[in-house]
Amino acid sequence: MNHLELWKKSKEQLKTAQPQHAYSTWFDPIKSIGLSEEELVLEVPNQFFFEWIHTHYKDTIKQEVESVYRGEVKIKYTVSPEGRKSAVRKSTEGQSTARNNQYNNNKNKQLNEKYTLSSFIEGSNNQFAKAAANNVAESPGKQSFNPLVIYGGVGLGKTHLLHAIGNKVFKGEKNKRVVCASSEKFTLDFISSIQKNRTVEFSKSYRNTDILLIDDIQFFQGKEQTQEQFFHTFNELFQAGKQIVMTADRYPGEMVGLQDRLLSRFSSGLSADIQPPDFETRVAIVMEKAEQNGLKLSYDIIELIGTHIKNNVRELESTIIRLLAHSSLAKKEIDIHLAKKVVKERLGSSAIYDITAEEIVRRVSETTRIKEKDIVGTSRKMEIAEARQISIYLCREILGTPLVSLGMYFGGRDHSTILHSYRVMEDKTKKDQRIGNLVKELRRELSFSAN
Ligand code: ADP
Ligand code: MG
């Protein structure tokens, strides 16, 4: 048997023994390049791949090959020349471009090339910030958008947008200089420049640019000297018509521990916020990230993740990575049970619970902002009665709780009152779109929590 045949047959076996996505991610790309003296040489696409195979699948592969070969085979792995080239290119990139263009060199090190505007998924939560980013990248330094401050909570894509601006400016006109750093790096560079007596070089390195991108300016809080330094950098660039973009964890006007003169500079341009993504955007992000990782997920799994992982895009991403890891390591297909397990882990045990009437009331209370104790109380005020009807309807629909028990739970009402509430709500969900949507949303959230 020649090596091609040997590997082809081994792959066929791996294909049946391994989950489909594990096969297509980790086995299909491997090529056989030779067999001599019981040693099969397999070529993998890159170093990362090699390490992954080495730690996770070395034995599996050996077993399958040996079973096809019917005897012992040593397996040697080699990284493909392209994979090696790109690794080499990466490590020498700095040096070679440094000769051509000092600033391109800076850019390569400072910007994450994966963060582009086209890989940034747009939703109503981030539309404005993305448009502002695009605008600034197209014409940096325009007065009304300078400085641009992008602000919002953790993991919502601020750094992504910041780097996307840098990448676009750099791509647009090769000779544009881009400097990108976190405020922490700015601080550290500043401190070390003082220690080494190189403050002039420090200033140059941040001021010799067409666009300055500074991430997480909240870390400047309380650092007086660094703020002073940043103030001068800012002014010099601003006066020269250079673009400045910053990110922050909150609206600049609300930041404490920053000098007023800095804050007033920061607020003089454009501020754009990023909010947590809504359900549709979360689903779009999950689909995109799954695809990037070569994962095919069924819609119920996508919906499960999008429903529960709410506040942070980074968490959506890491949920997908975990799902991939779990299924590769346990050699299981990704099904809804595995997805639930992973989502549960991400959220901590409290988050997907066995549903009870309390839980339903709690959710309804969160959504309607009517207090739980009012929902189960006796008030007949319209909004309260409505929240109660919704809760009763959901309890009956999801839990199938008997009317009598529901009556006891909801303020000692008799079963005919409960039945009436249920019918009223059943009717409203069909006729009143607002209520229909509300109930649908709650049902979706709750139904994923069950079992
Ligand atoms: P922040 O800086 O706001 O804490 P990041 O920019 O680091 O957040 O984003 C966290 C992760 O989520 C990154 O991997 C980023 O690519 C991804 N991400 C955030 N928002 C989006 C989006 N709208 N589309 C695609 N990926 C996103
Ligand atoms: Mg960030």
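Everything below is about the structure shown above.
Note that the coordinates shown come from a computational prediction; the quantities given were computed from them, not determined experimentally.

Criteria and cut-off values
- Residues numbered from 1 in each chain as written.
- Chains lettered and ligands numbered in written order.
- Predicted model: local features only at pLDDT ≥ 70, side-chain atom pairs only at ≥ 80, totals over all residues.
- Heavy atoms only, no water.
- Helix = DSSP H or I, 4+ residues; strand = E, 2+ residues; numbered from the N terminus.
- Rg over C-alpha atoms; globule rule 2.2 N^0.38 Å.
- Buried < 20%, exposed > 50% of the residue type's maximum accessible area, 1.4 Å probe, protein only.
- Contact = heavy atoms within 4.5 Å.
- Areas by Shrake-Rupley, 256 points an atom, 1.4 Å probe, with all protein chains shown as cover.
- Lys, Arg positive; Asp, Glu negative; His and termini not counted.
- Charge placed at Lys NZ, Arg CZ, Asp CG, Glu CD.
- Phe/Tyr/Trp six-rings, centres within 6.5 Å; stacked < 30°, edge-to-face > 60°.
- Near = heavy atom within 4 Å.
- Polar contact = N/O pair within 3.5 Å; in protein donor to acceptor, adjacent residues only side chain to side chain.
- 1 Å grid on protein atoms, 1.4 Å probe; cavity = no way out; pocket = protein on both sides within 12 Å on 5 of 7 lines; lining within 4 Å.
- Sits in = over half its atoms within 2 Å of the grid points.
- Nonpolar A, V, L, I, M, F, W, Y, C, P; charged D, E, K, R; others polar.
- Pairing = 2+ DSSP bridges.
- Expected span 1.5 Å × (residues − 1).
- Arc of directions from axis to C-beta.

## Observations concerning the overall build of the protein chain
Helix and strand counts for the protein chain come out as 21 helices and 8 strands. What you see for the protein chain is a C-alpha radius of gyration of 29 Å, clearly larger than the 22 Å of a compact globule of 451 residues, by over 25%. Oriented by its inertia axes, the alpha-carbon framework of the protein chain measures out at about 85 × 75 × 35 Å. The burial tally for the protein chain puts 47% of its 451 residues in the buried class. Residue pairs in contact within the protein chain that sit at least 24 positions apart in sequence constitute 72% of those at least 6 positions apart. Looking at the protein chain as shown, the accessible area adds up to about 23300 Å², and 49% of this sits on carbon and sulfur atoms. Computed over 66 positive and 57 negative side-chain charges, the inter-centroid distance for the protein chain is 2 Å.

## Here we look at the packing of aromatic side chains
Each aromatic ring pair is summarised here by two numbers: the centre-to-centre distance and the angle between the ring planes. A full pass over the atoms with the stated rule returns 17 aromatic pairs. Judged by centre distance (5.2 Å) and plane angle (70°), the ring pair of Phe-186 and Phe-202 falls under edge-to-face. Taken as a pair, Phe-186 in helix α8 (residues 183-195) and Phe-202 in helix α9 (residues 199-207) lie far apart in primary sequence, 16 residues in all. Since its relative accessible area comes to 0%, Phe-186 is described here as buried. Judged by centre distance (5.2 Å) and plane angle (50°), the rings of Phe-202 and Tyr-206 are tilted. Here Phe-202 pairs with Tyr-206, and both are found in helix α9, just 4 residues apart, close to one helical turn. Owing to a relative accessible area of 5%, Phe-202 belongs among the buried residues under this scheme. Each member of the aromatic cluster is reached from another via a ring pair, and the members are Phe-186, Phe-190, Phe-202, Tyr-206, Phe-220, Phe-230, Phe-234, Phe-238 and Phe-266.

## Comments concerning the site of ligand 1
Around ligand 1, the surrounding shell holds 17 residues, and the nearest of these are Ile-121, Gly-155, Lys-158, Thr-159 and His-160. Between an oxygen atom of ligand 1 and a side-chain N or O atom of His-160, the distance comes to 2.6 Å. For ligand 1, a nitrogen atom lies 2.8 Å from a polar atom in the side chain of Lys-289. Contact with the protein chains covers 94% of the free accessible surface of ligand 1, which is 560 Å². One can see that ligand 1 is located within the largest pocket. If you list the elements that add at least two residues to the shell around ligand 1, you get α7 (158-172) and α14 (313-330). Taken together, the residues that form the shell around ligand 1 break down as 6 nonpolar, 7 polar and 4 charged.

## Thoughts on the pairing of strand β8 (residues 270-274)
Here β8 shows a clear split, with Leu-270, Ala-272 and Ile-274 buried on one side and none of Ser-271 and Asp-273 buried on the other. With 5 bridges connecting them, strand β4 (residues 148-152) and β8 associate as parallel partners. Note on β8: the bridge partner recorded for Tyr-151 is Asp-273.

## Overview of helix α1 (residues 3-17)
A rise of 1.5 Å per residue sets the reference length of α1, with its 15 residues, at 21 Å; its end C-alpha atoms lie 21 Å apart and thus fit the reference within 8%. Those residues of α1 lying buried are His-3, Leu-6, Trp-7, Ser-10, Lys-11 and Leu-14. Down the axis of α1, the sector holding all buried residues measures 130°, keeping them to one side. In α1, the exposed residues that point more than 90 degrees away from the buried face are Leu-4, Lys-8, Lys-15 and Thr-16. The N-cap residue of α1 is Asn-2: its side-chain oxygen and the backbone nitrogen of Leu-4 are 3.0 Å apart.

None of this, on its own, says anything about what the molecule does.
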